[in-house]
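Per-entry structural report
Residues per chain are reported as follows:
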Amino acid sequence: MIVYFRKEGRALGEVTKFLVYNARKRQKGGDSAATYFHRTECVAGVQDMRFQELMPDVLHWLGIRKIDNLLSMSDMKYNAIANSGIKIKNRVSIPSELIPEDAQVEMEAKKAAGYFTDDKILSQKGLKKIRGRKLEK
């Protein structure tokens, strides 16, 4: 069974998400993994608005008592599931080859911020090299 929890833009909402993306593209130096969360905090006031504590309820409702393979970078999601009594046997990293080029800024920023990964974590200097598409005028 596959269960997918759809959460958009760290629960910031569509308008705020677009304001953040726009600010990231327009900031001095352009969009980079090094400033990913800083720009979100400037616009939204927080890095992430998700509240995961109730999320495992649907898993319990479905009768799930263990998860063989959890594919999620979110420690909030992992902790909510584990703390609700569901056993997680294996936590799986998102395979690097499946991450599109346009998602590199977000993914590298999240890895550096402590989100779950088996990959190497880039230094601040390395994060500055990860750039998003330039603003099209």
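Residues numbered from 1 in each chain as written. Predicted model: local features only at pLDDT ≥ 70, side-chain atom pairs only at ≥ 80, totals over all residues. Heavy atoms only, no water.

Tallying secondary structure elements over the protein chain gives six helices and two strands in all. Along the chain direction, N to C, the helices and strands of the protein chain fall in the order α-α-α-β-α-β-α-α. Structurally, the protein chain occupies a C-alpha span of about 50 × 30 × 20 Å along its principal axes. Within the protein chain, the proportion of its 137 residues that are buried is 34%. Sequence-distant contacts, at least 24 apart, represent 56% of the contacts inside the protein chain between residues at least 6 apart. On the protein chain, roughly 9100 Å² of surface is accessible, and the fraction owed to carbon and sulfur atoms is 53%. Seen as two clouds, the 26 positive and the 17 negative side-chain charges of the protein chain have centres 4 Å apart. (Helix = DSSP H or I, 4+ residues; strand = E, 2+ residues; numbered from the N terminus. Buried < 20%, exposed > 50% of the residue type's maximum accessible area, 1.4 Å probe, protein only. Contact = heavy atoms within 4.5 Å. Areas by Shrake-Rupley, 256 points an atom, 1.4 Å probe, with all protein chains shown as cover. Lys, Arg positive; Asp, Glu negative; His and termini not counted. Charge placed at Lys NZ, Arg CZ, Asp CG, Glu CD.)

Here we take up the side chain of Arg24. As for its placement among the helices and strands, Arg24 is situated in helix H1 (residues 14–26). For Arg24, a relative accessible area of 7% corresponds to the buried category. Polar side-chain contacts of Arg24 include one of 2.9 Å to the side chain of Asp31. Excluding its chain neighbours within four sequence positions, the residues that come into contact with Arg24 are Gly30, Asp31, Tyr36, Arg39 and Val105. (Polar contact = N/O pair within 3.5 Å; in protein donor to acceptor, adjacent residues only side chain to side chain.)

Looking at the secondary structure, you find Ser123 in the loop between helix H5 (104–112) and helix H6 (124–129). Considered as a pair, Ser123 and Ala112 are 11 residues apart in the sequence and their alpha carbons are 7.7 Å apart.

What follows concerns H5. The buried fraction of H5 amounts to seven of the nine residues, a majority that puts the element mostly inside the structure. All of the buried residues along H5 are Gln104, Val105, Met107, Glu108, Ala109, Lys110 and Lys111. Summarising the contacts, the buried residues of H5 are in contact with H1, helix H2 (36–44) and H6. Immediately downstream of H5, the backbone of Gly114 shows phi near 105°, a positive value.

Inspection of every chain in the model, using the stated rule, returns nine salt bridges. Of the charged contacts in the structure, one is a salt bridge between Glu106 and Lys110, with a shortest N-O distance of 2.8 Å. One end of the pair, Glu106, and the other, Lys110, are both in helix H5, four residues apart, so they sit about a helical turn from each other. Here Glu106 falls in the partly exposed class, since its relative accessible area comes to 25%. The exposure class assigned to Lys110 is buried, which follows from its relative accessible area of 10%. Between Asp119 and Lys111 there is a salt bridge whose closest N-O contact spans 2.9 Å. Taking relative accessible area as the criterion, Lys111 reaches 6% and is therefore assigned buried. Members of the salt-bridge network, linked through shared partners, are Arg24, Lys25 and Asp31. (Salt bridge = Lys/Arg side-chain N within 4 Å of Asp/Glu carboxyl O.)

Just distances and angles here, no functional claims.
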